[in-house]
Amino acid sequence: MRDEVDELVEAWARERSDLDLGAVAVFSRISRLARHLDLARREAFSSHGIESWEFDVLAALRRAGDPYELSPGRLLRETLVTSGTMTNRVDRLVARGYVERNPDPSDRRGVLVRLTAGGKQAVDDAFTALVTAEHDLLADLPDAERDRLAALLRSLLVPFSSH
């Protein structure tokens, strides 16, 4: 079985035989798969009326568990955006009725962002569509190979983990 990356690597090997192109073969495929995944994510989310950034915030709240609320600071850490960006995103999600701001009972000056019933439904529907799309992307890969791939990718990602 051959793909477009095989041709790319062969062309580079012909032109730059002095280089080890093993990493190019791996990361070119990862890059191409990332594009397909991004398209699948956008479709899964847009089919449920939300954007990727909305899903990121709603999903962070949903993963927090009942009562599905986090401080703005925790949301920043979960979604890796700036404070100003998060304020704007929360404002927009409040306007859509997906989240609400409530006073933080443990900090008079603080607030907690809480998922509403509508926000929970939106993120659950979008996540179901995403999981289906991701399964479709892996459909030709046997379970054992999928698990092996996940383990290999984990070993590449661990050095970049922040915890």
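Residues numbered from 1 in each chain as written. Predicted model: local features only at pLDDT ≥ 70, side-chain atom pairs only at ≥ 80, totals over all residues. Heavy atoms only, no water.

Points about the side chain of Thr 79
Defined as follows: Strands are runs of DSSP state E lasting at least two residues, helices are runs of H or I lasting at least four, and both sets are numbered from the N terminus onward. Categorising residues by exposure relies on relative accessible area from a 1.4 Å probe, with only protein chains included: less than 20% of the type maximum marks a residue as buried, more than 50% marks it as exposed, and the intermediate range marks it as partly exposed. Two residues qualify as a contact provided that any one of their heavy atoms is within 4.5 Å of a heavy atom in the partner residue.
With respect to the helices, strands and loops of the structure, Thr 79 is situated in helix α4 (residues 72-79). By relative accessible area, which is 14% here, Thr 79 ends up buried. The residues touching Thr 79, leaving out its near neighbours within four places in the chain, are Asp 56, Val 57, Ala 60 and Met 86.

Quick notes on the nonpolar core
Inclusion rule: Here, the term nonpolar core denotes a set of buried Ala, Val, Leu, Ile, Met, Phe, Trp, Tyr and Cys residues that are joined through side-chain atoms within 4.5 Å.
Counting residues in hydrophobic clusters, the biggest one holds 25 residues, and the most contacted among them are Phe 55, Leu 61, Leu 75 and Val 99. Elements supplying a minimum of two residues to this core: α2 (22-46), α3 (52-63), α5 (83-95), β3 (107-115) and α6 (117-137). Residue contributions to this core peak at seven residues, all from α3. Every residue in contact with Leu 61, bar those within four places of it in the chain, is listed here: Tyr 68, Glu 69, Leu 70, Leu 75, Val 99, Val 113 and Leu 115.

Side note on the packing of aromatic side chains
Using the following cut-off: The rule is short: rings of Phe, Tyr and Trp, with Trp giving its six-membered ring, pair when the centres are within 6.5 Å, and they are stacked under 30 degrees, edge-to-face over 60, tilted in between.
For the structure on display, the rule yields two aromatic pairs. For the ring pair Phe 45 and Phe 55, a centre distance of 4.2 Å and an interplane angle of 20 degrees mean the geometry is stacked. Taken together, the residues span a long stretch of sequence, with Phe 45 in helix α2 and Phe 55 in helix α3 at a distance of 10 residues. In this pair, the class of Phe 45 matches that of Phe 55, namely buried. Ring centres of Phe 55 and Phe 127 lie 6.4 Å apart, and the angle between their planes is 20 degrees; on these two criteria the pair is classed as stacked. One end of the pair, Phe 55, is in helix α3; the other, Phe 127, is in helix α6, and 72 residues separate them in sequence. On the basis of relative accessibility, which here comes to 45%, the residue Phe 127 falls in the partly exposed class. Three or more aromatic residues joined by ring pairs form one cluster here, namely Phe 45, Phe 55 and Phe 127.

Section: helix α1 (residues 4-15)
So the rule is basically this: One fewer than the residue count of a helix, multiplied by 1.5 Å, yields its expected span. Picture the helix axis, draw a direction to every C-beta atom, and the arc is the one those directions span. For this analysis, a polar contact is any N or O atom pair within 3.5 Å, provided that within protein one partner can donate a hydrogen and the other can accept it, and provided that sequence-adjacent residues contribute only side-chain to side-chain pairs.
Helix length check: α1, at 12 residues, gives a terminal C-alpha distance of 17 Å against a target of 16 Å (1.5 Å per residue), a fit within 8%. Those residues of α1 lying buried are Val 5, Asp 6 and Val 9. Buried residues of α1, seen end-on, are gathered within an arc of 105 degrees and therefore sit on one face of the element. Those residues of α1 that are exposed and angled more than 90 degrees off the buried face are Glu 7, Arg 14 and Glu 15. In this fold, the buried residues of α1 make contact with α2. The backbone nitrogen of Val 5 has a side-chain oxygen 3.0 Å away, supplied by the residue at the start of α1, namely Asp 3.

Some details on the UniProt feature "domain: HTH marR-type" (unreviewed entry) in the protein
We apply this condition: UniProt positions are given in the numbering used here, feature names are shortened, and annotations may be inferred rather than shown by experiment.
Here, the residues flagged by UniProt with the feature "domain: HTH marR-type" (unreviewed entry) are residues 23-158. For the annotated span residues 23-158, helix accounts for 68% and strand for 12% of the residues, and the straight-line distance between the end C-alpha atoms is 18 Å.

Topic: the pattern of salt bridges
The following threshold applies: Here a salt bridge means any side-chain nitrogen of Lys or Arg lying within 4 Å of a carboxyl oxygen belonging to Asp or Glu.
Under the counting rule described, the total for this entry stands at 17 salt bridges. Between Arg 114 and Glu 69 there is a salt bridge, with the nearest N and O atoms lying 2.9 Å from each other. Note that Arg 114 is positioned in strand β3 and Glu 69 in strand β1 (residues 69-70), a separation of 45 residues in sequence. One salt-bridge network, in which partners are shared between bridges, spans Asp 3, Asp 6 and Arg 29.

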